[in-house]
Amino acid sequence: IVQPDGAFYIFMDLSPIKEKLPHGDSFSVELCNRLLDECQVAFVPGVAFGMDNFIRMSYATDMDSIKEGLRRLKEFYLNVLNG
């Protein structure tokens, strides 16, 4: 995780699953599309910030929503690793 300096965003490095997921030109775009389609959670592709192995999460919401989104991300991540 890249810690923020004052914004409401965290960048998460998901490169450990990069080789396990098919992707075209942009790993982070494909990953964000899958997370939205399969898990109903929205992240911003890191490629927009020059960091294609990362996704950006906003934490400018209530704690229950953050926890649920992270639970879904973890489930997806573990399914890919164990895939």
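Basis of the calculations
Think of each chain on its own: its residues are numbered from 1, step by step along the sequence as written. Residue-level local features of this predicted model are given only where pLDDT is at least 70; pairs of side-chain atoms are given and counted only at 80 or more, and the full residue set underlies all totals for whole chains, interfaces and linings. Water and hydrogen atoms were dropped before computing side-chain values, which therefore reflect all heavy atoms in the structure. We define a nonpolar core as any set of buried Ala, Val, Leu, Ile, Met, Phe, Trp, Tyr and Cys residues linked to one another through side-chain atoms lying within 4.5 Å. For each residue, the accessible area found with a 1.4 Å probe, counting protein chains only, is set against the maximum for its type, and the residue is called buried under 20%, exposed over 50%, and partly exposed in between. Only DSSP runs of H or I with at least four residues qualify as helices, and only runs of E with at least two residues qualify as strands; both kinds are numbered from the N terminus onward. Note on contacts: a residue pair is in contact if any heavy atoms of the two residues lie within 4.5 Å. A score from 0 to 100, pLDDT tells how confident the predictor is in each residue. Counted as salt bridges are all cases of a side-chain nitrogen of Lys or Arg within 4 Å of a carboxyl oxygen of Asp or Glu. Every axis in this analysis is a line fitted to C-alpha atoms, fitted for helices over the stretch in contact. Angles between the N-to-C directions lie between 0 and 180 degrees. Any angle that falls under 35 degrees is termed roughly parallel, while one over 145 is termed roughly antiparallel, one within 65 to 115 roughly perpendicular, and all others oblique. Just so you know the grouping, Ala, Val, Leu, Ile, Met, Phe, Trp, Tyr, Cys and Pro go in nonpolar, Asp, Glu, Lys and Arg go in charged, and all remaining residues, Gly too, go in polar. Each pair of aromatic rings taken from Phe, Tyr and Trp, with Trp reduced to its six-membered ring, is defined by centres within 6.5 Å and is described as stacked if the planes are under 30 degrees apart, edge-to-face if over 60, and tilted in the remaining cases.

1. Considering the nonpolar core
Generally speaking, nonpolar side chains in soluble globular proteins are found buried as a group. One finds Ile17, Leu31, Leu35, Phe43, Ile55 and Phe76 to be the most contacted residues of the largest nonpolar core, which totals 18 residues. Elements with a contribution of two residues or more to this core: strand 1 (9-13), helix 1 (27-39), strand 3 (54-58) and helix 2 (63-82). A per-element tally of this core places helix 1 first, with 5 residues. Apart from residues lying up to four places away in sequence, Leu31 is in contact with Leu14, Ile17, Leu21, Ile55 and Phe76.

2. So, the confidence of the model for the chain
Interpretation of this model should avoid reading the predicted coordinates in detail wherever pLDDT is low. Across the chain, pLDDT averages 92, with 100% of residues at or above 70. Mean pLDDT across the elements of the chain ranges from a minimum in strand 1, with 92, to a maximum in strand 2 (residues 44-45), with 97.

3. Topic: the pattern of salt bridges
Scanning all chains against the criterion turns up 4 salt bridges. Between Glu68 and Arg71 there is a salt bridge, with its nearest N and O atoms 2.7 Å apart. In this pair, Glu68 and Arg71 are both assigned in helix 2, 3 residues apart and thus about one turn of the helix distant. What makes Glu68 partly exposed here is its relative accessible area of 28%. For Arg71, a relative accessible area of 42% puts it in the partly exposed group. For the salt bridge of Glu68 with Arg72, the shortest nitrogen-to-oxygen distance reads 2.9 Å. With Glu68 and Arg72 both in helix 2, this residue pair falls 4 residues apart, about one helical turn. You can call Arg72 partly exposed: its relative accessible area is 26%.

4. Digging into the packing of helix 1 against helix 2
Across the interface, helix 1 lies against helix 2 with an axial gap of 11 Å and an inter-helix angle of 110°. Here helix 1 lies roughly perpendicular to helix 2, going by the angle between them. Between helix 1 and helix 2, the residues in contact are Leu31, Arg34, Leu35, Glu38 and Cys39 and Arg72, Leu73 and Phe76, respectively. A class-by-class count of the residues in the contact of helix 1 with helix 2 yields 5 nonpolar, no polar and 3 charged.

5. A short note on the packing of aromatic side chains
Going through the model one piece at a time under the given rule, you end up with 2 aromatic pairs. Where Phe8 meets Tyr59, the ring centres are 6.0 Å apart and the plane angle is 70°; that geometry is what we call edge-to-face. You can see Phe8 sitting in the segment before strand 1 and its partner Tyr59 sitting in the loop between strand 3 and helix 2, a full 51 residues away along the chain. Seen from their ring centres, Phe11 and Phe49 are 5.3 Å apart, and the 80° between their planes marks the pair as edge-to-face.

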